[in-house]
Structure formats: structure tokens, C-alpha cells
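Report on the structure
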Amino acid sequence: MELLNVYKDLCKNDRWYNAYCSTGENSNGKILFFLNTNYRNLWVFEAGYNVFKEIENIGRDQWIHNENHGEEKEKQHTVNMLRSKIFSRAANKYYRNKKGLTFGDMLEGNFSKEERWIIIYLTILNGYFANMPNYIKIRSNDIVNMMEKRGINKKDYIDMLKDFIDSCDIGDTEIYMHDYLYFDSFYKNFEDIDFLQVFINASDAERTKLKEYVKSQPKNREITKKETCTISYKYKSTGSYVKSTLIDNAKIQYFSLILLNDTYEDYKSFIDYALKKYSEIYKGIDIKKIKKFIDSHEAVYKLIYEEVFNIVKYSLNFREEKEVNEQEVNLNEKIDDTDASSFDKYNKVSTVLKKLAKTNSNYRCELEDFFGCQYFTSKESHRNYVEVHHLIPRAVGNDFENSLEVVENYVTLCPHCHRLLHFGEDVERKPALHNLYLKRKELLHEKGLDISEKELKDYYLIEN
Ligand SMILES: [Zn+2]
Ligand SMILES: [Zn+2]
């Protein structure tokens, strides 16, 4: 069957049409688009930041209420701002953390639009959108895997993205002649047709015919009800998938694929590489100026780099704790963990709490009744060797008003059970997590940490 006929037939299917025109949580319009379904394009961070700055340190009950929307006008931005760790929350108020202050410095720094883009991108890299820690990196790896399954290698896909970005100046209708648009639109098989695969397998002449057809179609579904066209409707000029969103999508994917799948000698070579690659796209940007800005906020960017590449591991600590002076430690303070200097503070608090958690559990694994754990004796403590795990992962601390650094969130585990929770198959992690959740649910609630089991499973990336 010809590509164009396959496409026309599918467009008559309302389910297919709606699935590909929507970016909703359960719609098909998600996987390739997914890299920024949660923020549409990077500029929302500027808009969100400015809204948030206005309500900084103002109690939520005093926010402006919008009668039409029912919710506070500011609320729509809260998730992005918290999950990109630009703002933190405490006692029902939002405040700029160190990363947020850096973001503000960038806005006031007289950077051009293109210069700001790369700084924003680097700033949100360690965000955890869609409940997924390190979201951008995980999703960019998903894209590579999905393309390779269809026989498109990483390099070819990157070339396609680059070509699309390089031709940003093309008109709105010419955009329909780009393969990238079709990749962005049909990444997932629907019912029994994987349209992207059919597209990939078609000849150039077949593809051109399809693209010419899409280009010629009106962009309003009301007009096109009989002879409908999914793509031209999806990318209609008034829709949410306008050209600028598409280009931003392509840029995010491009940078994620070239930056996040590589290894770097150190933080500096990562930044240099990112800026070098960016300057290949925008010749007019002032690399030195951007570099100087990033250098002067090194503590923030270094931590982002270390989190993105898993260089710092908060929870899987195999060594026993060194002694700290407990007098020096303030357990009630919520730590701003958005720059590298908070590390020392965090380590001290964590050391005290780990020791307390072990004592509370009498040096036994909290999954003992479930797995029947075995112990050996630690030469340091002369007790059972046990480790401590954050039940609610530290990376998602910004989702909570109250600090996660409380003994109620510290779970004592034997090495077997601890590694199981981090590295096991979902089918084995799920009952273990369920068991711990039941034990801690009430205790966490008493500390103002309310979480459902579903939310907790989402944080562990366990599919239901
Ligand atoms: Zn752990
Ligand atoms: Zn155990």
C-alpha cells in the first residue's frame, strides 16, 4: 500500500487523529515530544521565574485568586519551578534557592535570546519532570533506543535534528517537508500500525508525495472533517505545537543526544564541549561571556553536572559514617541543595540521622520479616553491618514543603535489601517498597511528608 493512502486511511480514524493531536499524559503525542511536554519550550522558565519572584515569600493564602480558573494564577508554574529546582518550598511559601538566584543573575545579565537559551538548558538539566529524576537524560536515551529499534542510528537522527535546526528560517508550510516533523509526530505504534516505521521504509518519492499532500491541506479541522489531515492540524499556527515549539523541541533533543550520551573527563570539559557545540548553531553568541557567567556560578553548575552524570550518589553509601560533632548540626533546617557547598552541611545532618536510624532499628534490616536477611558484624560499629536508605528519594526533595532529612525517611537495610531497592527488577522492588511504605506511611505523615504509594512508585520509576 502506498504511504499516502496509508496516511489518508489513518486520518479517517478518529482515535488515531485525536491521539496524535494531543500531548496529554495518555496520548500518543508524547514520546518524541516528551522531552518537553512538561515545559513546552524553555522560555516558560523565564515567564515562570518572573511570576514566582513576585510571590516570593508571600503565603499562599495571599496569592491572587483567579475566578475563572478556580486556582491561583501562579499555581500553573509551581510544578516547573520546583521540579527544575529553581525555587524551593517551605512553610507554604516559595523562595529562590541558590540555583534560582543564579537564574535571576542570568536574566539580569544582558544576554541575548540565544545566549540565554543555552544557559537555561544547562540550568534545568538535572530537573525531574514527569516524576522522573534526571528526566532529560533518561528521555534522550529512550529516544536513541527507540530510533535504533527502527533501524535509524543515533548519528543519522542527530543529523536530521541539526538539519532541522539549521533551517529554522523556513516558512511555516515548508516545515512540512522535513522528516523531523514526521518523527516528532508518529513515534509510537498505534493499534496495529507503526506509521513512523512505514514512513522510514517508504521511498523518497513516496515520502515527498505525502509531504506535498500535508503541505497542501488546510489547518482547520472543521474545514477538513471529511478529508482530514492529522499533521497540518496538529501544527496549525494557533495550536500549541507552533513552529517555535518544534524548533525548541529539536534543539533540546539535539543537545541532549550529543551531550548526555557522552562521558567527560571532568566538569570543565563538559561545559566547554556544550558551549562549543552551541556556537556551531549560533555563530553570533558570546561564548566567553557565557563561560564567565557559568564560571562565576560554578558551585551550582558543577552540582548539576555531577547529578546528571551520577557522579554524586546521595543514598547509596557503602561506607560507615565518620563521627561528627552533633552540637554543630541543626537538624531542623531545610538544606538548600542546589549548589555544591551545601554538601558538607548535608553530610553532617545525614550522618547524625543515619546513626539514629540504625539505633532505632537496633541494627536490623527493616525488610527482615520479608526477606529473612543475613548479617555480618561491622568492624567499625561491632554491630550488624547495615546501611541507610532514603525512602522518599533525596532528588525529589523540592516536591515537599518539609525536609526529607528526617529520621522517619531514613530506612535501615542490609546490603542485600538496599541494593535490591536500587538495582532489582521492578517485580522484586515493588513488594519491598510496598512493605516499607506501609511501615513508614504514618510516621512520614506526622512529619508533614504526605505521599501516596503510587507517587512513591513513580519516584522509583516502577511501572504499575
Ligand atoms: Zn538507597
Ligand atoms: Zn534485608
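The sections below set out a description of the structure shown in this document.

We now examine the overall build of the protein. Across its full length, the protein carries 21 helices and four strands. Counting only residues that meet the buried cut, the protein has 53% of its 464 residues in that class. Relative to all contacts within the protein whose residues are 6 or more apart in sequence, the contacts with residues 24 or more apart total 71%.

Protein coordination of the zinc ion (ligand 2) is provided by C365 (SG), C373 (SG), C414 (SG) and C417 (SG), with donor distances spanning 2.2 to 2.3 Å. Coordination at the zinc ion (ligand 2) is tetrahedral, judged from the four donor atoms that bind it and the angles of 105 to 115 degrees they form at the metal. Linear spacing of the donor residues for the zinc ion (ligand 2) on their chain is C-x7-C-x40-C-x2-C. On the criterion of sequence distance, the pair formed by C373 in the loop between α18 (368–371) and β3 (387–390) and C417 in helix α19 (residues 415–423) is long-range, its members being 44 residues apart. In terms of burial, C373 and C417 fall into one category: buried.

Attention now goes to the environment of Y278. The topology assignment puts Y278 in helix α14 (residues 267–281). On a C-alpha basis, the gap between Y278 and F255 in space is 8.2 Å, while along the polypeptide they are 23 residues apart. The residues contacting Y278, other than those within four sequence positions of it, are E114, W117, I118, K251, F255 and I285.

Right, let's talk about the pairing of strand β1 (residues 87–90) for a bit. Of the strand pairs in this sheet, β1 and strand β2 (residues 93–96) are connected by four bridges, and their pairing is antiparallel. Bridge pairing in β2 links F87 to R96. Here β1 folds back onto β2 in antiparallel fashion, the turn holding two residues, of which A91 has a positive phi close to 45 degrees.

In this structure the tally under the stated criterion is 35 aromatic pairs. Relative to Y278, the ring of W117 has its centre 5.8 Å away and its plane inclined at 5 degrees; by these criteria the two rings are stacked. A residue pair is termed long-range when its members are at least 10 positions apart, and W117 in helix α6 (residues 113–124) and Y278 in helix α14 qualify at 161 residues. There is no split in this pair, since W117 and Y278 are both buried. Here K289 stacks its cationic end above the ring of F111, 4.6 Å away from the centre of that ring. Between R394 and the ring centre of Y346, over which it is positioned, the NZ or CZ distance is 3.4 Å.

Now for the environment of D458. With respect to the helices, strands and loops of the structure, D458 is situated in helix α21 (residues 453–459). Residues D458 and A130 lie 328 residues apart in sequence; the distance between their C-alpha atoms is 8.9 Å. Separated by 2.9 Å, the side chains of D458 and K454 make a polar contact.

We now examine empty space enclosed by the protein. In the structure shown here, the tally under the stated rule is five cavities of 30 Å³ or more. Put simply, the largest cavity is a space of about 150 Å³. Taken together, 13 residues form the lining of the largest cavity, with K334, I335, D337, G397 and E405 sitting closest to its centre. Broken down by class, the residue content of the lining of the largest cavity amounts to three nonpolar, five polar and five charged.

Here we take up α6. With twelve residues, α6 extends 17 Å from end C-alpha to end C-alpha; this agrees with the ideal 16 Å at 1.5 Å per step. Within the span of α6, buried status applies to E115, R116, W117, I118, I119, I120, Y121, L122, T123 and I124.

The next thing to look at is the nonpolar core. With 95 residues, the main nonpolar core has Y7, I118, Y121, L122, Y157 and F255 as its most contacted residues. Per element, the largest residue contribution to this core is nine residues, and it comes from helix α13 (residues 243–259). Residue contacts for Y7: discarding those within four places in its chain leaves W16, F186, F195, L210, Y213, V214, C229, T230 and I231. By size, the runner-up hydrophobic cluster in this structure holds 27 residues, among which are Y128, V406, V411 and I451.

Let us now look at the pattern of salt bridges. Enumeration over the complete set of coordinates arrives at 27 salt bridges. The salt bridge involving D337 is made with R394; its shortest N-O contact spans 4.0 Å. Pair noted here: D337 is in the loop between α16 (298–308) and α17 (342–360) and R394 is in the loop between β3 and β4 (410–413), with a separation of 57 residues, a long-range link. The exposure class assigned to D337 is buried, which follows from its relative accessible area of 17%.

The next subject is the packing of α13 against α14. Where α13 contacts α14, the two axes come as close as 11 Å, and the packing angle between them is 140 degrees. Taken as axis vectors, α13 and α14 run oblique relative to one another. For the crossing formed where α13 meets α14, the hand is right-handed. Listed contacts from α14 to K251, Y254, F255, I258 and L259 of α13 are F270, Y273, A274, K277, Y278 and I281.

Those residues of helix α5 (residues 98–107) lying buried are K99, G100, T102, F103, G104 and M106. Each element contacted by the buried residues of α5 is listed here: α3 (44–55), β2, α6, α15 (287–296) and α16. With a side-chain oxygen positioned 3.1 Å from the backbone nitrogen of K99, the residue opening α5 is N97.

Now for unusual backbone geometry. Look at N57: it is not a glycine, yet its phi comes out positive at around 65 degrees. Within the fold, N57 resides in the loop between α3 and α4 (75–83). Phi at N310 takes a positive value of approximately 55 degrees, unusual for a residue other than glycine. In this fold, N310 is placed in the loop between α16 and α17. Classification of N310 by relative accessible area gives partly exposed; the value is 43%.

What counts, and at which threshold
Residues numbered from 1 in each chain as written. Chains lettered and ligands numbered in written order. Predicted model: local features only at pLDDT ≥ 70, side-chain atom pairs only at ≥ 80, totals over all residues. Heavy atoms only, no water. Helix = DSSP H or I, 4+ residues; strand = E, 2+ residues; numbered from the N terminus. Buried < 20%, exposed > 50% of the residue type's maximum accessible area, 1.4 Å probe, protein only. Contact = heavy atoms within 4.5 Å. Donors = N, O, S within 2.8 Å, 3.2 Å for Na, K, Ca; no water. Tetrahedral: all angles 85-135°; square planar, octahedral: opposite > 155°, others 65-115°. Pairing = 2+ DSSP bridges. Phe/Tyr/Trp six-rings, centres within 6.5 Å; stacked < 30°, edge-to-face > 60°. Lys NZ or Arg CZ within 6 Å of the ring centre and 35° of its normal. Polar contact = N/O pair within 3.5 Å; in protein donor to acceptor, adjacent residues only side chain to side chain. 1 Å grid on protein atoms, 1.4 Å probe; cavity = no way out; pocket = protein on both sides within 12 Å on 5 of 7 lines; lining within 4 Å. Points joined across faces, edges and corners; volume = space filled by probe spheres on them. Nonpolar A, V, L, I, M, F, W, Y, C, P; charged D, E, K, R; others polar. Expected span 1.5 Å × (residues − 1). Core = buried A, V, L, I, M, F, W, Y, C linked by side-chain atoms within 4.5 Å. Salt bridge = Lys/Arg side-chain N within 4 Å of Asp/Glu carboxyl O. Axes fitted to C-alpha atoms, helices over the stretch in contact; angles between N-to-C directions. Parallel < 35°, antiparallel > 145°, perpendicular 65-115°, else oblique. Left-handed = near helix turned anticlockwise from the far one by under 90°.

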